[in-house]
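# Working through the structure, step by step
Now for the letters of each chain:
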Amino acid sequence: MRLWKTILAAAALSLAAGTSVFAARTDLVIGIPLEPPHLDPTAGAAAAIDEVLYANVFEGLTRIGPNGEVLPDLAESWTISDDGKVYTFKLHTGVKFHDGTDFDASDVKFSLDRARADNSVNAQKGLFAAIDAVDVVDPATVKVTLKNPQGSFLYNMGWGDAVIVAPESAETNKEKPVGTGPFKFQSWAKGSSITLVKSDTYWGTPASLDKAEFRIVPDAAAYVPALLSGDIQAFPFFDPDSLAQVKDDPRFKVVVGSTEGETILSINNKKPPFDKLQVRQAISYALDRKAIIDGASAGLGQPIGSHMSPANKDYVDLTGRYPHDVAKAKELLKEAGLEKGFKATLKLPPPGYARLGGEIIASQLRDVGIDLEIIPVEWAQWLDQVFTKKDYDLTIVSHTEPNDIDIYSRKDYYFNYDNPAFDKLIADLGVTSDEAKRKELLGQAQKILADDAVVGFLYELPKVGVWDAKLQGLWENAPIQANDLTKVKWSE
């Protein structure tokens, strides 16, 4: 009898050991192409900041879900006044920041007032322009009064730029981010990786992962070897040109989804000769979108003719406005007094879509007499020279912020575009809640941008994701700039 008990005990021990061996893992290494310039979503325009921190470390009153929907976040509910100008948010209680300080309505007031202040460094300050006052009703209630009704207000509060920060840590978030999310910041090895770990004090549903490392891999040629070796288990934004090497491998899941990334040939509209409409239109006619899409996104991008995603309900198809027409482009350059062509520079940031697309576009513009000098720049240089100082002729970038057609109305924006008629449309849009009227205004805005050839509209960046087949919960589409890990887990 004792012998059988010993055997059964040993079997049970063996079974337990076997179960632990095959239990679902709780760590994840994610490959990202660009290193964030810093780690504060409220103080920078780089998408890479949100791709690490949004929903993971920082949270807002609302949040944007995987299908672009507005969801409650730190605000568990809200009411809107009959005139559409007063939003009263009921906040979750018992919430703490990762440094142990309490979250309450005063933090919301601090964050929103800070974002809209005259000295604000928020890259999307326009999101807060409609706010007239933020009042603390009680620790769990905050009232936001708008200057006018704004149909997009709840959506705007879900952007990464609108996350809630604490006064105790706001000034040090660039190096040591402190939020209220399910993950807390652990370390940043500059040039290598950023590591987050599970927060044991999270107020909501705990994360399944104990640890997530965002590994910085700027060289797209390294993606496949990293996956095959198991060093990296997921590339939410994979190199389309490398897809053929993994798409039939059962070890990996391949997902091609949509993004809000309008990929454009940006033009400095105030710099001669680009200040002439004929020159900008000539560039648009010179562009062969199909060749660019085939060469820079493995044929997966969707062509666009203005600044709106084809997935957006208010999208207007203007791709026929400038068909590829070399003769027409040359004719327009002649009208502009540039029949002999001219020279210009094309500054290209690191992403493959920019570097590959740049070579193709340079060849296409050369065919009409525009000789481009290609200047590769690192991401920090692009943000400094192009985005901030407007020191450029042409550049290529994907604008991945959602519903951001208003950027063309910003007087300090790097396009240097100025059209009072367009500005009025955007101003009217800001005070319009009626969906039919908003659709009409957005359609008019898209048409003006196309007619003015403000930039060369190329294609909507596809979201090509490749990750371990046992990994669940990563977003298939990218309605905003995010690698949301809140529901990510390994299957057993």
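Residues numbered from 1 in each chain as written. Predicted model: local features only at pLDDT ≥ 70, side-chain atom pairs only at ≥ 80, totals over all residues. Heavy atoms only, no water.

As recorded by an unreviewed UniProt entry, the protein chain carries the name Peptide/nickel transport system substrate-binding protein and is attributed to Rhizobium loti. The UniProt entry for the protein chain carries this comment under Sequence similarities (unreviewed entry): "Belongs to the bacterial solute-binding protein 5 family." UniProt, in the comment section headed Subcellular location (unreviewed entry), describes the protein chain in these words: "Periplasm". (UniProt positions renumbered as here; feature names shortened; annotations may be inferred.)

With 98 residues, the main nonpolar core has Ile283, Tyr408 and Phe415 as its most contacted residues. The residues contacting phenylalanine 415, other than those within four sequence positions of it, are Ile264, Ser266, Ile267, Asn268, Asn269, Tyr392, His399, Ile407, Tyr408 and Val455. Among the nonpolar cores identified, the runner-up in size contains 35 residues, and Ala105, Ile131, Leu154 and Trp159 belong to it. (Core = buried A, V, L, I, M, F, W, Y, C linked by side-chain atoms within 4.5 Å. Buried < 20%, exposed > 50% of the residue type's maximum accessible area, 1.4 Å probe, protein only. Contact = heavy atoms within 4.5 Å.)

In this section: the confidence of the model for the protein chain. Summarising the model, the protein chain shows a mean pLDDT of 93, and 96% of its residues fall at 70 or more. Predicted confidence for residues 1–20 stays below pLDDT 50, and this span has 0 contacts to residues more than four positions away or in other chains. (pLDDT = per-residue confidence, 0-100.)

Our next topic: empty space enclosed by the protein. Counted under the stated rule, the structure contains 4 cavities of 30 Å³ or more. Of the residues contributing to the lining of the largest cavity, the split by class is 4 nonpolar, 3 polar and 1 charged. (1 Å grid on protein atoms, 1.4 Å probe; cavity = no way out; pocket = protein on both sides within 12 Å on 5 of 7 lines; lining within 4 Å. Points joined across faces, edges and corners; volume = space filled by probe spheres on them. Nonpolar A, V, L, I, M, F, W, Y, C, P; charged D, E, K, R; others polar.)

Once that is clear, we can look at unusual backbone geometry. With omega at 0°, the peptide bond leading from proline 272 into proline 273 counts as cis. The topology assignment puts proline 273 in the loop between β13 (262–267) and α6 (277–286). Its identity is not glycine, yet alanine 55 carries a phi of approximately 70°, on the positive side. Counting through the fold element by element, alanine 55 comes out in the loop between α2 (47–53) and β2 (62–64). Assessed through its relative accessible area of 6%, alanine 55 is described here as buried. (Helix = DSSP H or I, 4+ residues; strand = E, 2+ residues; numbered from the N terminus.)

It is worth spelling out the pattern of salt bridges at this point. This structure, assessed with the given rule, holds 26 salt bridges. The closest approach of N and O atoms between aspartate 314 and lysine 313, which form a salt bridge, is 3.1 Å. When its relative accessible area of 56% is taken as the criterion, lysine 313 is described as exposed. For lysine 437, the salt bridge is made with glutamate 440, and the minimal N-O distance between the two is 3.7 Å. (Salt bridge = Lys/Arg side-chain N within 4 Å of Asp/Glu carboxyl O.)

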